[in-house]
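# Structural description and commentary
Read off the chains here:
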Amino acid sequence: MDKITIIVPCYNEEEVIDLFYPEVQKHLQKISDCEFNYIFVNDGSRDGTLEKLRGIAEKYEEVGYLSLSRNFGKEAAMMAGIDYADGDAVIIMDADLQHPPEKISEMIQLWREGYDDVCGKRIDRAGETFVKRTLANIFYMVMKKFSTSYEMQRDVGDFRLLDKRCIEALRLMRENQRFTKGLFTWVGFRKKEFPFEVRPRAAGTTTWNFFALFNLAMKGMTSFTTAPLRMMTFLGLMVSFGAIAYMIFVLIMALIYGDPVAGYPTLMTVLLFLGGTQLLSLGIIGEYIGQIFYESKRRPIYLVDEINGVRMVYESVLRPAERNTKFRN
Ligand code: UDP
Ligand code: MG
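Model, not experiment: these values are computed from the prediction. The numbering scheme is per chain: residues are counted from 1 as the chain's sequence reads. Starting at A for chains and at 1 for ligands, labels are handed out in the order in which the entities are written. Restriction of local features to residues with pLDDT of at least 70 applies here, the model being predicted, together with a cutoff of 80 or more for giving and counting side-chain atom pairs; totals for whole chains, interfaces and linings are based on all residues. For the side-chain quantities, the full set of heavy atoms in the structure was used; hydrogens and water were omitted.

## Things to note about the state of the cysteines
Worth spelling out the cut-off: We call a pair of cysteine sulfur atoms a disulfide whenever their separation is within 2.5 Å.
Within the structure shown, the criterion is met by zero disulfides. Of all cysteine sulfurs, the one in Cys166 lies closest to Cys119, which takes part in no disulfide; the gap is 9.2 Å.

## Some thoughts on the coordination of the magnesium ion (ligand 2)
Rules: Donors, by definition, are the N, O and S atoms found within 2.8 Å of a metal, the threshold being 3.2 Å for Na, K and Ca, and water is not counted, so a site can look incomplete. Note on classification: 1.4 Å probe, protein chains only; a residue is buried when its accessible area is under 20% of the maximum for its type, exposed when over 50%, partly exposed between these limits.
Distances from the magnesium ion (ligand 2) to its protein donors, Asp96 (OD) and Gln98 (OE1), fall within 1.9 Å. A relative accessible area of 3% places Asp96 in the buried class.

## Examining the site of ligand 1
Stated precisely, the cut-off is as follows: Any residue with a heavy atom lying within 4 Å of a molecule or strand is counted as near it. As used in this structure description, the phrase polar contact means that two N or O atoms lie within 3.5 Å; if the pair is within protein, one of them must be able to donate a hydrogen and the other to accept it, and residues adjacent in sequence are counted only when both atoms belong to side chains. Values of accessible area rely on a 1.4 Å probe in the Shrake-Rupley scheme; residue burial ignores everything except the protein chains shown. Each residue receives one of three labels: charged for Asp, Glu, Lys and Arg, nonpolar for Ala, Val, Leu, Ile, Met, Phe, Trp, Tyr, Cys and Pro, and polar for the others, Gly being one of them.
Around ligand 1, a shell composed of 16 residues is seen, among which Glu13, Asp43, Asp96, Gln98 and Thr206 lie nearest. In the environment of ligand 1, an oxygen atom lies 2.6 Å from a nitrogen or oxygen atom belonging to the side chain of Glu13. At 2.6 Å, a side-chain N or O of Gln98 approaches an oxygen atom of ligand 1. In the complex, 88% of the free accessible area of ligand 1, which totals 530 Å², lies under the protein chains. Counted by class, the shell around ligand 1 contains five nonpolar, five polar and six charged residues.

## Here we look at a nonpolar patch on the surface
Defined as follows: Note that patches include only residues with greater than 30% relative accessible area and no salt bridge, and the join distances are 9 Å for like charges and 5 Å for nonpolar side chains (Val, Leu, Ile, Met, Phe, Trp, Tyr). In what follows, salt bridge is the name for a side-chain nitrogen of Lys or Arg lying within 4 Å of a carboxyl oxygen of Asp or Glu. Under the scheme used here, helices are H or I runs from DSSP no shorter than 4 residues and strands are E runs no shorter than 2 residues, and both carry numbers assigned from the N terminus.
There is a patch of nonpolar side chains on the surface, built from Leu237, Phe241, Ile244, Met247, Ile248, Leu251, Ile252, Leu255, Ile256 and Tyr257 and spanning about 1,100 Å² of accessible area. Position of Ile248 relative to the elements: it lies in helix H9 (residues 227-257). With a relative accessible area of 43%, Ile248 lands in the partly exposed category.

Right, dumping it as C-alpha cells:
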C-alpha cells in the first residue's frame, strides 16, 4: 500500500486547523488503497496554533507536527515538512482550505499514471486584487523571457503532489533563499498540471501583503536567473553608443552649422539618465550580492523546537541544531 504524507504549513491558523483536519479526512477516507499521514508545520505562530496541533496529534494517530523555533516563512516551513516526510509521495496543502481536498484522489491517480510532480493550476485569479494580478503577470513575463534553463509554470502554486524522487532531489537543495516554486521546476521529472479553483479562506486572514510578494518575486528572479545583470551590461553598451552618436551630432552642429547646442538642458538630461541607470545597476548587483551574503553563511533553513509523531528522515550535517529537538511521547 502506498503511503502518502500530507504537509501543511501553518502560521497563525488556530481558527482553521479544527476545520481543516475533518474536511480533508472526509475525502481521504474515500481513498482506500493509500495510507495517509499528516505533518503539520507550525511556523512560529503567535496564536494558539501549536495548542491546536498538540490536540489533534494526541487524538489522531496519523497526525504529527513539527514546531519551528520561530517564523521562518512558508518556504522554510514546507522544506521542514519535506525533510521529515516518510511517504512514497507527499501532498503539500495550505491550512486555510483554499486548496480543495476533493482533488486529492485525482492527484493520486495521476501520480499512479507515472507523473512525479502533479501540480495544481489555478483556473482563475478572481478574488485577487488588480495590483496583485498585474504584478503576477509582469513577474511571469520576465521569468519566461529570461530564465533559459527551464520554464516557470504559470499560475501554479504550492498545491501539489510530489513523488519520493522529487522529494529526495529537493532535500539536496539546502539554499537559504528559497524560492520553492522555482526549485520544483528546477528538479524536473515528469510534471502534470491539473486545474483547481482557489476557494476563499475558510477563516483567518492571509499573511501576504504587497511587500512580501514583491520580495518573493525579487527572490525568484535573483535566485533563478542572472539575466538582469546581463541586461545592465547591455544597457551600459547602449548608453555608450548613444553617447558617441550624440557627440558626433554635437560636433557636426558646432563645426558645420555653428550652433553651439544649449548646454544646461542637455547636460541635465544626460546626467540624470546616467545617474539613474548607474543606481539601477548598482541596485541589481546589490540584490545578487545580498543573495551571496545569505547563502555564504550556510545557516540551516529552519530550526525545530518541538516535534511529535514524526521522525527525521533526512539527516544532514548542515542542520546540527535540530538534534536538540525534544521528542514528546
Ligand atoms: N504560512 C506559513 N508561514 C508564513 C506564512 C504563511 O507557514 O510565514 C502558511 C499559512 O499558514 C498557509 C499557507 O502558508 O497555510 C498560505 O498562506 P496564506 O493563506 O496566508 O497565503 P495566500 O493563500 O493568501 O497566498
Ligand atoms: Mg491562503
